[in-house]
2 protein chains.
Amino acid sequence: MEYCFGVDVGGTSVKIGLFSTEGILVEKWEIKTRTENGGEKILPDIAGSLEKKRIAHHLTKEQIAGIGLGIPAPVGEEGIVKNTANLGWGYKEVKRELEELTGYTVEVGNDANLAALGEMWLGAGKGQKNMVMVTLGTGVGGGVIVGGHPLVGGHGAGGEIGHICVNETETKPCGCGKLGCLEQYASARGIARLAEKHLKESTLPSCLRGRENSAKSVFDALKKGDKLAEEIAEEFGAYLGGALANVAVVADPSLIVIGGGVSKAGEIVITYIEKYFRKKQFFANSGTRFELASLGNDAGICGAAKLLLQRLGE
Amino acid sequence: MEYCFGVDVGGTSVKIGLFSTEGILVEKWEIKTRTENGGEKILPDIAGSLEKKRIAHHLTKEQIAGIGLGIPAPVGEEGIVKNTANLGWGYKEVKRELEELTGYTVEVGNDANLAALGEMWLGAGKGQKNMVMVTLGTGVGGGVIVGGHPLVGGHGAGGEIGHICVNETETKPCGCGKLGCLEQYASARGIARLAEKHLKESTLPSCLRGRENSAKSVFDALKKGDKLAEEIAEEFGAYLGGALANVAVVADPSLIVIGGGVSKAGEIVITYIEKYFRKKQFFANSGTRFELASLGNDAGICGAAKLLLQRLGE
């Protein structure tokens, strides 16, 4: 049992890694996610790709401990999903099906939770046992690590930080149907939306005027000293820092890791989040630190492999 | 190893229970909490009381698995407290000191977390593994159970639900120093304060006028159909139900248990909390149920005993 596979299923591609059980990523690759016909090809495609790679590496079946799999949906320990927004799957017994296709032990988790677990195992959270990770991408994903294990929850929906309500006065609904979710202000899309609002409401001159803006253009302008970009970053920081102070009151993390595309702007993102976190923190969380994620797109496959190894060890 | 002790240290009394390891409460009793001289007598008093009770029950030392201890302060798995508001203790190695005084294994936890664990073991949460408990007393205590274990956190401060910020416009500080904590609106004191505000701002006739009010008088009036009491209960429910919807997004509990003195008003308390929880819930939490706590003041000693048994079994 010297190796295992970590698999991260996304809406357009499936990322796969072959890991040694000590945590060395031997090889990583991608295959296409075929979502047609209710996503019926996704698991067979994965099974086929793993088998080919096993043979290419001259590994016996006995050398493979199993497969960890991350998917973009709530999923409990039994490895059953009820529905997925991007994969075409409705109710699906993912763990059982992939075990039957491959003959290996399979453990399934939510992709954002596994990204957090991956950062804890091999990234910014090495050595931590109580950690929160926020992924600022198209949406806002979240993963909470408690005592070294992902918080899965009663419905497989633990750590859905992006859907904390942070604004009681919002009138436009979030993708989830609620009003005022963190995701509406702190995702890449949310920041672009904040930019639009500030450009409309403020008369400050700004290099952001007269163009299509994104989270990247806002943080680029901020680094050049643009005052309007600063106002946008302050509002982003107030929403996200305030929400994380409330998350910390519940989960009491030693470390909060900020990842996803928005975090590529660097330490300046943490500056604005931490400013408002410190203002709102409970005294017992004053030792909570912030770090940028370090694994990028590999966090998901790392966490998937670690989930498998954790559950095999229990 | 047929028995263990569960101890719940409060500011005025120490509650103690002798349990069989299967979860039968054999006997419970109380001793005074002597907080003078930095609380130096508290642990020796507990050790002496346990020894007397062991002898009275004709038990040998070998029949006692150990002691679980709950204290009203943040405390990590190593059983060290940094400070306590009510016991007189500063930095104190509670686990080590009580182990030296008694010769037994000691495990220490936060009292609100252990109340939640107690309700999971022997009370309203029997059979649950993912649960949140809110204790509405003088303050608002909270405990989060994840996968059957209390969420302790990186600084021993997990589950401090009372200090979630629920009102950005509050001007009066909470006991913790922050502004707008849930505790300022949903504790017994908080409800009395809401009553005062509504009596001042409203012209509705009410049986609450011209008297000193408490959470009890408000819920008593509500049961008699008092319209002003209803307005107060709606505001209480909006703050607490909204906060719990955000907690559920992070912790994804199957069950939320409502305990503490305020919960003695009965199911009507849940009605007002659940109304706003349902309005604000994330879709994945629609299966989360509410129950009243069933162990009353015994929850703490039950949870303390269970903490010991859990950690011995690990």
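Here's a quick rundown of the structure. Source: prediction; values computed, not measured.

What counts and what doesn't
Residues numbered from 1 in each chain as written. Chains lettered and ligands numbered in written order. Predicted model: local features only at pLDDT ≥ 70, side-chain atom pairs only at ≥ 80, totals over all residues. Heavy atoms only, no water. Axes fitted to C-alpha atoms, helices over the stretch in contact; angles between N-to-C directions. Helix = DSSP H or I, 4+ residues; strand = E, 2+ residues; numbered from the N terminus. Parallel < 35°, antiparallel > 145°, perpendicular 65-115°, else oblique. Left-handed = near helix turned anticlockwise from the far one by under 90°. Contact = heavy atoms within 4.5 Å. Nonpolar A, V, L, I, M, F, W, Y, C, P; charged D, E, K, R; others polar. Pairing = 2+ DSSP bridges. Core = buried A, V, L, I, M, F, W, Y, C linked by side-chain atoms within 4.5 Å. Buried < 20%, exposed > 50% of the residue type's maximum accessible area, 1.4 Å probe, protein only. Phe/Tyr/Trp six-rings, centres within 6.5 Å; stacked < 30°, edge-to-face > 60°.

## Focus on the packing of helix 7 (residues 215-223) of chain A against helix 8 (residues 227-251) of chain A
Residues and elements named next belong to chain A.
So, point 1. Axis separation between helix 7 and helix 8 bottoms out at 8 Å; the angle between their running directions is 120°. Of the possible angle classes, the one that applies to helix 7 and helix 8 is oblique. Two packed elements cross with a definite hand, and for helix 7 against helix 8 that hand is left-handed. Together, Val218, Phe219, Ala221 and Leu222 of helix 7 and Ala229, Glu230, Ile232, Ala233 and Phe236 of helix 8 make up the contact between the two elements.
So, point 2. A per-class count over the contact of helix 7 with helix 8 returns eight nonpolar, no polar and one charged.

## Looking at the sheet that holds strand 4 (residues 64-71) of chain B
Residues and elements named next belong to chain B.
So, point 1. If you walk across this open sheet you meet the five strands as 3-2-1-4-7, and the pairing is mixed. Two strands in the sheet have a free side with no partner beyond their single neighbour: strand 3 (25-32) and strand 7 (106-110). Across the sheet, the axes of successive neighbouring strands diverge by a mean angle of 20°, strand direction being ignored.
So, point 2. Relative to strand 4, strand 1 (residues 3-9) runs parallel, the two being bridged by five bridges. Within strand 4, the position partnered with Phe5 by the bridge is Ile67.
So, point 3. With respect to the sheet, helix 2 (residues 42-56) is in contact with strand 1, strand 2 (13-20), strand 3 and strand 4, its orientation differing from that of strand 3 by roughly 145°.
So, point 4. Across the face of the sheet, helix 3 (residues 94-102) comes into contact with strand 4 and strand 7 while running at roughly 145° to strand 7.

## A word on the nonpolar core
Taken as a class, soluble globular proteins show a tendency for nonpolar side chains to be buried jointly.
So, point 1. Core analysis: the largest hydrophobic core is formed by 105 residues, its most contacted members being Leu136, Phe236, Leu244 and Ile258 of chain A together with Phe236, Leu244 and Ile258 of chain B.
So, point 2. Those residues in contact with Ile258 of chain B that sit more than four places away from it in its chain are Val134, Leu136, Leu244, Ser263, Val269, Ile270, Ile273, Phe290, Glu291, Leu292 and Ala293 of chain B.

## Considerations on the packing of aromatic side chains
Pairs of aromatic rings are described using the distance from one ring centre to the other and the angle between the two planes.
So, point 1. Applying the stated criterion to the full structure yields twelve aromatic pairs over all chains.
So, point 2. Measuring from ring centre to ring centre gives 5.8 Å for Phe219 of chain A and Phe236 of chain A, while their planes differ by 85°; the resulting arrangement is edge-to-face. Remark: Phe236 of chain A occurs in helix 8 and Phe219 of chain A occurs in helix 7; sequence separation between them is 17 residues. Both residues of the pair, Phe219 of chain A and Phe236 of chain A, belong to the buried class.
So, point 3. Ring plane angle 20° and centroid distance 4.2 Å describe the contact between Tyr185 of chain B and Tyr239 of chain B, whose orientation is recorded as stacked.

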